[in-house]
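Coordinate analysis (summary)
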Amino acid sequence: MTDLEKEDIELIAESYCDWNKLNNKTIMLAGGTGFIGSLVCDVIRYRNYKYNANIKVISLSRRVIASDDTIEYIQADVNKELSIEREVDYVLHLASNTHPVQYQQDPIGTITTNIIGCNNLLKYAVEHKAKRFLLVSSVEIYGQGSNIPMNEEYCGYIDCNNARSGYNESKRTCESLCQAYRKQYGIESVTVRLARTFGADKKNDSKAMAQFISKAVAGQDIVLKSKGKQRYSYCYVADAVSAIFKVLLEGIDGDTYNVSDDDEGMTLGEYAEFIASNAEKKVVFDIENNESSSKATYALLECKKLKSIGWEPLFSIKDALKRTYNIYIERNKV
């Protein structure tokens with residue numbers, strides 16, 4: 001782990017939050033070995049080491065990993081009913097295909113993991129009397145977006161006659177499931193809708209920003225497969241995780257919160273130019289009709305609601321992009 005990654009963990013773990021609510025508690029985390037989930041686990045480890053918080057995590061994933069003093073890794077498929085007998089205080093659903101290529105290659109698995117997995121985890125939370133359920137949703141539920149920043153009340157537009165829309169529609173259904181379980185069983189539930197999230201993922205990420213950084217780290221020109229006029233909200237992974245903890249511990253029951261870093265007024269193409277300049281490379285265009293790409297051209301999130309409970313991003317987008325680039329460079333030196 002690089003020094004910058006350690007710094008990210010410390011910044012999240014020391015951010016303003018009612019951390020005492022997690023002391024001596026147990027979290028069930030679906031997707032704990034993923035890009036975002038693994039950082040959640042690292043923050044909990046830090047809290048235990050620094051503050052003797054005695055937080056336990058039950059991490060569910062299809063991968064087998066050796067457990068440690070904080071994380072109990074259990075091989076499990078959330079698409080199947082969970083037969084794990086553990087008492088839990090919080091349940092977090094982060095398990096999902098999150099990359100455009102994954103949507104295209106496994107559209108059925110994308111839908112089932114989101115919806116059936118969410119239902120199984122909600123059922124488990126109810127049966128084991130969890131205090132609260134947190135769903136990680138996505139900006140993609142807004143579909144093709146709007147020409148103004150979108151707040152949590154905006155419903156968006158999705159063309160359901162498109163295989164890629166299975167991700168968008170299934171995330172919407174998960175949000176509805178959470179509300180249904182609140183009404184029928186009385187369980188507390190909160191949702192975060194993450195903007196396009198980036199950072200130094202250890203797995204290949206097919207999202208545009210990740211591909212730009214990957215090219216720059218490899219010393220290659222950045223290939224832009226559109227005119228680059230899109231205006232999107234973005235979120236650095238450390239800011240996504242800090243928001244997850246903030247909403248889990250201080251969000252209002254039943255509420256949904258948009259999560260993104262502050263908008264810098266730049267288009268996708270301008271961010272590509274910014275990343276290329278850090279590596280002293282250039283942007284080249286290879287425009288194609290790509291079915292796995294988002295149909296949204298203007299998808300900015302309004303985050304007033306999240307900020308009203310005291311959350312602020314740790315980084316600007318440009319600083320986070322530089323940080324991600326430098327983390328990859330440091331990793332390559334090891």
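Our structure's up above, just so we're on the same page.
Residues numbered from 1 in each chain as written. Predicted model: local features only at pLDDT ≥ 70, side-chain atom pairs only at ≥ 80, totals over all residues. Heavy atoms only, no water.

**Regarding the side chain of Ser138**
As for its placement among the helices and strands, Ser138 is situated in strand E5 (residues 132–138). For Ser138, a relative accessible area of 7% puts it in the buried group. (Helix = DSSP H or I, 4+ residues; strand = E, 2+ residues; numbered from the N terminus. Buried < 20%, exposed > 50% of the residue type's maximum accessible area, 1.4 Å probe, protein only.)

**Describing the packing of aromatic side chains**
Given two aromatic rings, their pairing is described by the distance between the two centres and the angle made by the two planes. In total, this model carries seven aromatic pairs according to the counting rule given. Ring centres 5.0 Å apart and planes at 50° place the aromatic pair Trp19 and Phe245 in the tilted group. Of this pair, Trp19 sits in the loop between helix H1 (3–13) and strand E1 (26–30) while Phe245 sits in helix H7 (residues 237–250), and the two are 226 residues apart along the sequence. Summarising the aromatic geometry, the rings of Tyr232 and Tyr234 are spaced 6.3 Å apart at their centres and angled 65° between planes, so their arrangement reads as edge-to-face. Each of the two residues, Tyr232 as well as Tyr234, counts as buried. (Phe/Tyr/Trp six-rings, centres within 6.5 Å; stacked < 30°, edge-to-face > 60°.)

**Regarding the pattern of salt bridges**
With the rule as written, the count across this model stands at 22 salt bridges. In this structure, Glu5 and Arg331 form a salt bridge, with 2.6 Å as the shortest nitrogen-oxygen distance. Residue Glu5 is found in helix H1, and its partner Arg331 is found in helix H10 (residues 317–333); the two are separated by 326 residues along the sequence. The closest approach of N and O atoms between Asp263 and Arg231, which form a salt bridge, is 3.0 Å. Here Arg231 lies in strand E9 (residues 231–232) and Asp263 lies in the loop between strand E11 (256–259) and helix H8 (268–278), a separation of 32 residues in the sequence. Classification of Arg231 by relative accessible area gives buried; the value is 15%. Several salt bridges share partner residues, and in doing so they unite Glu5, Lys202 and Arg331 into one network. (Salt bridge = Lys/Arg side-chain N within 4 Å of Asp/Glu carboxyl O.)

**Considering the nonpolar core**
Within the largest apolar cluster, 82 residues are counted, with the highest numbers of intra-cluster contacts made by Leu22 and Phe245. Per-element tally for this core: the top contributor is H7, with ten residues. The contact partners of Leu22, leaving out residues within four places of it in the chain, are Ile27, Ile44, Ala53, Ile55, Tyr90, Phe245, Leu248 and Leu249. (Core = buried A, V, L, I, M, F, W, Y, C linked by side-chain atoms within 4.5 Å. Contact = heavy atoms within 4.5 Å.)

**Brief notes about H7**
Look at H7: 20 Å from first C-alpha to last across 14 residues, which is about the 20 Å you get at 1.5 Å a residue. The buried fraction of H7 is high, at 13 of 14 residues. (Expected span 1.5 Å × (residues − 1).)

**What about helix H6 (residues 208–217)?**
Within the span of H6, buried status applies to Met209, Ala210, Phe212, Ile213, Ala216 and Val217. The buried residues of H6 occupy an angular sector of 160° when projected down its axis, which confines them to one face. Looking at the buried residues of H6, the elements they touch are strand E7 (196–198), strand E8 (222–224), strand E10 (234–236), H8 and H10. Looking one or two residues past H6, Gly219 carries a phi angle of roughly 75°, positive in sign. (Arc of directions from axis to C-beta.)

**Considerations on the sheet that holds strand E6 (residues 188–194)**
For sheets, the rule is that strands pair by backbone hydrogen bonds, running either parallel or antiparallel. Strand order in this open sheet of seven strands is E3-E2-E1-E4-E5-E6-E11, and the pairing throughout is parallel. The open sheet has two edge strands with one neighbour each: strand E3 (71–75) and E11. Looking at each pair of strands side by side, their axes are set apart by 20° on average, direction ignored. Where E1 and strand E4 (residues 90–93) come together, four bridges link them in parallel fashion. Paired with Ala30 across the strands is His93, a residue of E4. Lying on the sheet, helix H4 (residues 107–127) is in contact with E1, strand E2 (56–61), E4 and E5; it crosses E4 at an angle near 180°. Across the sheet, H7 touches E4, E5, E6 and E11, and the angle it forms with E6 is around 160°. (Pairing = 2+ DSSP bridges. Axes fitted to C-alpha atoms, helices over the stretch in contact; angles between N-to-C directions.)

**What about the side chain of Ser170?**
Assignment of secondary structure puts Ser170 in helix H5 (residues 165–185). Polar side-chain contacts of Ser170 include one of 2.8 Å to the side chain of Asn114. With residues up to four places along the chain from it excluded, the contact list for Ser170 reads Thr110, Ile111, Asn114 and Ile115. (Polar contact = N/O pair within 3.5 Å; in protein donor to acceptor, adjacent residues only side chain to side chain.)

**Considerations on the packing of H8 against H10**
Describing two packed helices takes the angle between their axes plus the distance from one axis to the other. It is the contact of H8 with H10, at a shortest axis distance of 11 Å, that shows an interaxial angle of 40°. Taken as axis vectors, H8 and H10 run oblique relative to one another. Like other packed secondary-structure pairs, H8 and H10 cross with a definite hand, here right-handed. Packed against H8, whose contacting residues are Tyr271, Phe274, Ile275 and Asn278, the element H10 presents Ile317, Lys318, Leu321, Lys322 and Tyr325 at the interface. In terms of residue class, the contact of H8 with H10 is built from six nonpolar, one polar and two charged. (Parallel < 35°, antiparallel > 145°, perpendicular 65-115°, else oblique. Left-handed = near helix turned anticlockwise from the far one by under 90°. Nonpolar A, V, L, I, M, F, W, Y, C, P; charged D, E, K, R; others polar.)

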